[in-house]
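Geometric and topological summary
The lines below spell out each chain.
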Amino acid sequence: MSDSHTTPSTQSFETVAIHAGNTADPLTGAVVPPIYQVSTYKQDGVGGLRGGYEYSRSANPTRTALEENLAALEGGRRGLAFASGLAAEDCLLRALLAPGDHVVIPNDAYGGTFRLFAKVVSRWGVEWSVADTSDPDAVRAAVTDRTKAIWVETPSNPLLGITDIAAVAQIARESGARLVVDNTFASPYLQQPLALGADIVVHSMTKYMGGHSDVVGGALVVSDDALGEELAYHQNAMGAVAGPFDAWLVLRGIKTLAVRMDRHSENAAKVTDMLTRHARVTQVLYPGLPEHPGHEVAAKQMKSFGGMVSFRVEGGEEAAVEVCNRAKLFTLGESLGGVESLIEHPGRMTHASVAGSALEVPADLVRLSVGIEAADDLLADLQQALG
């Protein structure tokens, strides 16, 4: 595994996660940034903004702290925090695209992202096509002279596919397109796409960044100042910003991101080992497995392989649903990345919107978000659920 996954700062990732943007309060010395639960700010005369703040849609000190932290963690020039991951994606697409433009999207992507392209963005004249982004040649073949963005998830949701970020970044540069990488499954602790050539990183902060299933949020981090300004303009103009309490919750979660991701990855490896040996499991999808087609690329561009595991079971869709229903410690629910373990059936839950499309997922697929509980307890629950 690579050991070069640090931020551009001279400090380690763990230190940056705790301290970037987290300046002690100048009034009281509080070591945690206050929650500025405020809508407007007293100005020092007309046009005289105190600290640059006038209205909390445009900027809020708690959100500023989070945005500075996000940029530092991803090694970017600017971070922007939104009300949800899809709000971040929507802002990005409106800033980047115009009617007649084209986007390459992955053949394995979050159902909400697909819905945004298929049912929303396409209505105002943006075209999209699907490619297997784990194959650089397939990505290159999908690019047209109108392609303005190439969209990648790695690891992907829910099939845990791996895309070579550096290789696809080269294709994007050659075609004059922007490379967008959804880094939600990996988090900036395990993978830093901007350092590998990506232009924009997307996060659902609801997942590993928040880490406790108690907040919804989204983020964009960019490597270019001008693009950052353009996105900030759209963020303010469209208004789907992260609220101050939500920003504070994510800041709190990020402080333990490194230690949580280490435990998620450790537990997921143990779960994967058990599943590969279970008689009822027909396939395990996890980039940490040597037989995974993206294993070598993942080992090159990730610190470790993360906490998401998918597997297929004999008996088809009904058998997969029954496994989900029988689980007890693994909570049946959508989302992922919290300290507690979750189980779901993507075909009927998170990815129902892709049914009948090129992104349709196998009906016998079960997706796990492996939490940080004791591994032996997790293994026992999966064994009883599988029967």
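Residues numbered from 1 in each chain as written. Predicted model: local features only at pLDDT ≥ 70, side-chain atom pairs only at ≥ 80, totals over all residues. Heavy atoms only, no water.

Another point: the sheet that holds strand 10 (residues 331-332). If you walk across this open sheet you meet the five strands as 8-9-12-11-10, and the pairing is mixed. What marks the edges here is a single partner per strand, and that holds for strand 8 (281-285) and strand 10. As defined by bridge partners, strand 8 adjoins strand 9 (residues 308-313) across four bridges and the pair is classed as antiparallel. Following the sheet pairing, leucine 285 is matched in strand 9 by serine 310. Seen against the sheet, helix 12 (residues 316-326) touches strand 9, strand 10, strand 11 (342-344) and strand 12 (365-369) and runs at an angle of roughly 135° to strand 9. (Pairing = 2+ DSSP bridges. Helix = DSSP H or I, 4+ residues; strand = E, 2+ residues; numbered from the N terminus. Contact = heavy atoms within 4.5 Å. Axes fitted to C-alpha atoms, helices over the stretch in contact; angles between N-to-C directions.)

What the rule picks out here adds up to 16 salt bridges. Measuring nitrogen to oxygen at the nearest pair gives 2.7 Å for the salt bridge that ties arginine 50 to aspartate 44. On the basis of relative accessibility, which here comes to 46%, the residue aspartate 44 falls in the partly exposed class. Among the charged side chains, a network of salt bridges with common partners joins Glu317, Glu318 and Arg348. (Salt bridge = Lys/Arg side-chain N within 4 Å of Asp/Glu carboxyl O. Buried < 20%, exposed > 50% of the residue type's maximum accessible area, 1.4 Å probe, protein only.)

So, about the pairing of strand 3 (residues 127-131). Two elements, strand 2 (residues 102-106) and strand 3, share five bridges in a ladder whose sense is parallel. Bridging across to strand 3, valine 103 finds its partner in tryptophan 128. Following the backbone out of strand 2, through helix 4 (residues 111-120) and into the adjacent parallel strand 3, one traces a crossover that is right-handed. (Right-handed = clockwise from strand over helix to strand, strands pointing away.)

Within the span of helix 9 (residues 244-254), buried status applies to Pro244, Ala247, Leu249, Val250, Leu251, Gly253 and Ile254. As for helix 9, its buried residues are in contact with helix 1 (13-19), helix 2 (61-74) and helix 10 (257-276).

With that settled, consider the packing of helix 3 (residues 85-96) against helix 8 (residues 225-238). Closest axis-to-axis distance for the helix 3/helix 8 pair is 9 Å, and the angle between their directions is 120°. As for the relative orientation of helix 3 and helix 8, their crossing is right-handed in sense. Along the contact surface, helix 3 presents Asp90, Cys91, Leu92, Arg94, Ala95 and Leu96, while helix 8 presents Leu227, Glu230, Leu231, His234, Gln235 and Met238. For the contact of helix 3 with helix 8, a count of residues per class yields seven nonpolar, two polar and three charged. (Left-handed = near helix turned anticlockwise from the far one by under 90°. Nonpolar A, V, L, I, M, F, W, Y, C, P; charged D, E, K, R; others polar.)

Moving on, we get to helix 8. For helix 8, which comprises 14 residues, the first-to-last C-alpha distance of 20 Å matches the rise-based estimate of 20 Å (1.5 Å per residue) to within 8%. By the burial criterion, the buried members of helix 8 are Leu227, Gly228, Leu231, Ala232, His234 and Gln235. An end-on view of helix 8 places all buried positions within 165° of arc, on one side of the element. Exposed residues lying more than 90 degrees from the buried face of helix 8 are Ala226, Tyr233 and Ala237. Residues of helix 8 that are buried in the fold lie against helix 2, strand 1 (78-82), helix 3, strand 5 (178-182), strand 6 (200-204) and strand 7 (218-222). Where helix 8 begins, one side-chain oxygen reaches toward the backbone nitrogen of alanine 226, 3.1 Å away; that side chain belongs to aspartate 224. Two residues or fewer past helix 8, glycine 239 is found with a positive phi of approximately 90°. (Expected span 1.5 Å × (residues − 1). Arc of directions from axis to C-beta. Polar contact = N/O pair within 3.5 Å; in protein donor to acceptor, adjacent residues only side chain to side chain.)

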